[in-house]
Amino acid sequence: AKMLDYLIDDIDLVLTMSVTPGFRRQSFIDSQLRKIEAVRKMIDKSGRQIALEVDGGIDVNTAPRAIAAGADVLVAGTATFKGGPAAYAGNISRLRGT
């Protein structure tokens, strides 16, 4: 997060990984919630419109937690595509909490 101090005026999106990059179907790393909160505070302090995206282990249980921590955008590959095309709409609806 310290690197953002040097970049905050030049970016429009921050991607925070909530798993170890490079390996599929991992569980959400709960300690990343603190990082999401810290990055959200930095973004808010900057006064700029910077999206905070979270990728990794996002499902119906972790999505609301990531949003509560400050995420604007969620990447939910496995949770979206589980069950094939007939299940996509329902999966997305559950992720949205609707």
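Because the structure is predicted, anything quoted here is derived from the model rather than measured.

Rules used in this analysis
- Starting from 1, residues in each chain are numbered consecutively following that chain's sequence as written.
- Only residues with pLDDT of at least 70 are given local features in this predicted model, and only at 80 or more are side-chain atom pairs given and counted; all residues enter the totals for whole chains, interfaces and linings.
- The basis for every side-chain value is the complete set of non-hydrogen atoms in the structure, without hydrogens or water.
- Note on definitions: salt bridges are taken to be side-chain nitrogens of Lys or Arg within 4 Å of carboxyl oxygens of Asp or Glu.
- Only DSSP runs of H or I reaching four residues or more are called helices, and only runs of E reaching two or more are called strands; each is numbered from the N terminus.
- When accessible area is computed with a 1.4 Å probe and restricted to protein chains, residues below 20% of their type maximum are described as buried, those above 50% as exposed, and intermediate ones as partly exposed.
- Each nonpolar core is a collection of buried residues, namely Ala, Val, Leu, Ile, Met, Phe, Trp, Tyr and Cys, held together in the definition by side-chain atoms within 4.5 Å.
- Note on definitions: a residue-residue contact is assigned when non-hydrogen atoms from the two residues lie within 4.5 Å.
- In this analysis the probe radius is 1.4 Å and the grid spacing 1 Å, with only protein atoms considered; a cavity is a set of points the probe fits into but cannot get out of, a pocket is an open set with protein on both sides within 12 Å along at least five of seven lines, and lining residues have an atom within 4 Å of a point.
- Grid points are joined across faces, edges and corners, and a volume is the space filled by probe spheres set on the points.
- Residues were grouped as follows: Ala, Val, Leu, Ile, Met, Phe, Trp, Tyr, Cys and Pro as nonpolar; Asp, Glu, Lys and Arg as charged; and all remaining residues, including Gly, as polar.
- Aromatic rings from Phe, Tyr and Trp, taking only the six-membered ring of Trp, are treated as a pair when their centres fall within 6.5 Å; an angle between ring planes under 30 degrees marks them as stacked, one over 60 as edge-to-face, and anything in between as tilted.

### Quick look at the pattern of salt bridges
Counted according to the given criterion, the structure contains 3 salt bridges. In this structure, Arg40 and Asp44 form a salt bridge, with 3.1 Å as the shortest nitrogen-oxygen distance. Taken together, the residues Arg40 and Asp44, both in helix 2 (residues 32–46) and 4 residues apart, mark about one turn of the helix. Note that Asp72 and Arg40 form a salt bridge whose closest N and O atoms lie 2.6 Å from each other. Taken together, the positions of Asp72 in the loop between helix 3 (62–69) and strand 3 (73–75) and Arg40 in helix 2 put the pair 32 residues apart, joining distant regions of the chain. With a relative accessible area of 48%, Asp72 lands in the partly exposed category. Connected via shared salt-bridge partners are Arg40, Asp44 and Asp72.

### Some thoughts on the nonpolar core
One finds Val14, Ile36, Ile43 and Ile58 to be the most contacted residues of the largest nonpolar core, which totals 21 residues. When residues of this core are traced back to their parent elements, those giving at least two are helix 2, strand 2 (51–55) and helix 3. At 5 residues, helix 2 tops the list of elements feeding residues into this core. Those residues in contact with Ile58 that lie beyond four places of it in its chain are Phe28, Ala63, Ala66, Leu74, Val75, Ala76, Ala79 and Leu95.

### Focus on the layout of surface pockets
Considered as a void within the structure, the largest pocket measures approximately 520 Å³ in volume. Every residue lining the largest pocket is counted, 27 residues in all, and those nearest its centre are Gly57, Ile58, Gly77, Thr78 and Ala79. When residues of the lining of the largest pocket are traced back to their parent elements, those giving at least two are helix 4 (77–81) and helix 5 (88–96). Partitioned by chemical class, the residues of the lining of the largest pocket number 11 nonpolar, 10 polar and 6 charged.

### Some points on the packing of aromatic side chains
By the definition in use, this model includes 1 aromatic pair. Ring centres 5.1 Å apart and planes at 85° place the aromatic pair Phe81 and Tyr88 in the edge-to-face group. Taking relative accessible area as the criterion, Tyr88 reaches 29% and is therefore assigned partly exposed.

Any functional reading would require information that these geometric values do not contain.
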